[in-house]
Amino acid sequence: MEHKDFVVLTCYTNAVSTHWFFNGRNLRLTERMKLSWNYSTLTIDPVLREDAGIYQCNVSNPISSAESVPVELDVKY
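Residues numbered from 1 in each chain as written. Predicted model: local features only at pLDDT ≥ 70, side-chain atom pairs only at ≥ 80, totals over all residues. Heavy atoms only, no water.

(A) Representation of the sheet that holds strand β1 (residues 7-10) in the model. The sheet built from three strands is open, its strands ordered β1-β5-β4 with antiparallel pairing. Single-partner strands in this sheet number two, and they are β1 and β4 (33-35). Pairwise comparison of adjacent strand axes, ignoring direction, gives a mean angle of 15° for this sheet. Here three bridges tie β4 to strand β5 (residues 41-44), and the two strands are oriented antiparallel to one another. Within the sheet, the bridge partner assigned to Leu35 lies in β5 and is Leu42. (Pairing = 2+ DSSP bridges. Helix = DSSP H or I, 4+ residues; strand = E, 2+ residues; numbered from the N terminus. Axes fitted to C-alpha atoms, helices over the stretch in contact; angles between N-to-C directions.)

Below, the structure written as structure tokens:
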């Protein structure tokens, strides 16, 4: 629910590098978004309707990389 709830998205990995995408583009962090120290967890607090969309993480190490399944966030208002 907009302005009331928060969202936590976690990319479970032991990869060297983690990047987040929003609607197919690099995620641009706002003041309401926080990444954990290893970039595996994204917290949005509070969530707003502009945060609705498709989230995905990309993980990599020196040998390979992989993308997560896309997750759609729907924000009620």
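(B) Structural detail: the state of the cysteines. For the structure shown, the criterion picks out one disulfide. For Cys11, the disulfide goes to Cys57, at an S-S distance of 1.9 Å. Handedness of the Cys11-Cys57 disulfide follows from its S-S torsion of about 65°: it is right-handed. With Cys11 in the loop between β1 and β2 (17-22) and Cys57 in strand β6 (residues 53-60), this residue pair connects regions lying 46 residues apart in the sequence. Residue class for Cys11 comes out buried when judged on its relative accessible area of 8%. (Disulfide = S-S within 2.5 Å. Buried < 20%, exposed > 50% of the residue type's maximum accessible area, 1.4 Å probe, protein only.)

(C) Examining the packing of aromatic side chains more closely. Tallied over the full model, the rule gives one aromatic pair. Both rings, one in Phe22 and one in Tyr55, keep their centres 4.8 Å apart while their planes meet at 45°; by these two values the pair is tilted. With Phe22 in strand β2 and Tyr55 in strand β6, the pair connects residues that are 33 residues apart, well separated along the chain. One cation-aromatic arrangement involves Arg49 over Tyr77; the distance from NZ or CZ to the ring centre is 3.8 Å. (Phe/Tyr/Trp six-rings, centres within 6.5 Å; stacked < 30°, edge-to-face > 60°. Lys NZ or Arg CZ within 6 Å of the ring centre and 35° of its normal.)

(D) Examining the UniProt feature "domain: Ig-like" (unreviewed entry) in the protein chain more closely. The sites that UniProt annotates as "domain: Ig-like" (unreviewed entry) are residues 1-74. Secondary structure across residues 1-74 comprises 0% helix and 45% strand; the distance between its end C-alpha atoms is 9 Å. (UniProt positions renumbered as here; feature names shortened; annotations may be inferred.)

(E) A look at the pattern of salt bridges. Counted under the stated rule, the structure contains four salt bridges. Of the charged contacts, one joins Glu2 and Arg49 as a salt bridge, the two residues approaching to 3.1 Å between their closest N and O atoms. Residue Glu2 is found in the segment before β1, and its partner Arg49 is found in the loop between β5 and β6; the two are separated by 47 residues along the sequence. Taking relative accessible area as the criterion, Glu2 reaches 11% and is therefore assigned buried. By relative accessible area, Arg49 is classed as partly exposed at 45%. Across the salt bridge formed by Lys76 and Asp74, the nearest N and O atoms sit 2.9 Å from each other. We classify Asp74 as exposed; its relative accessible area is 53%. (Salt bridge = Lys/Arg side-chain N within 4 Å of Asp/Glu carboxyl O.)

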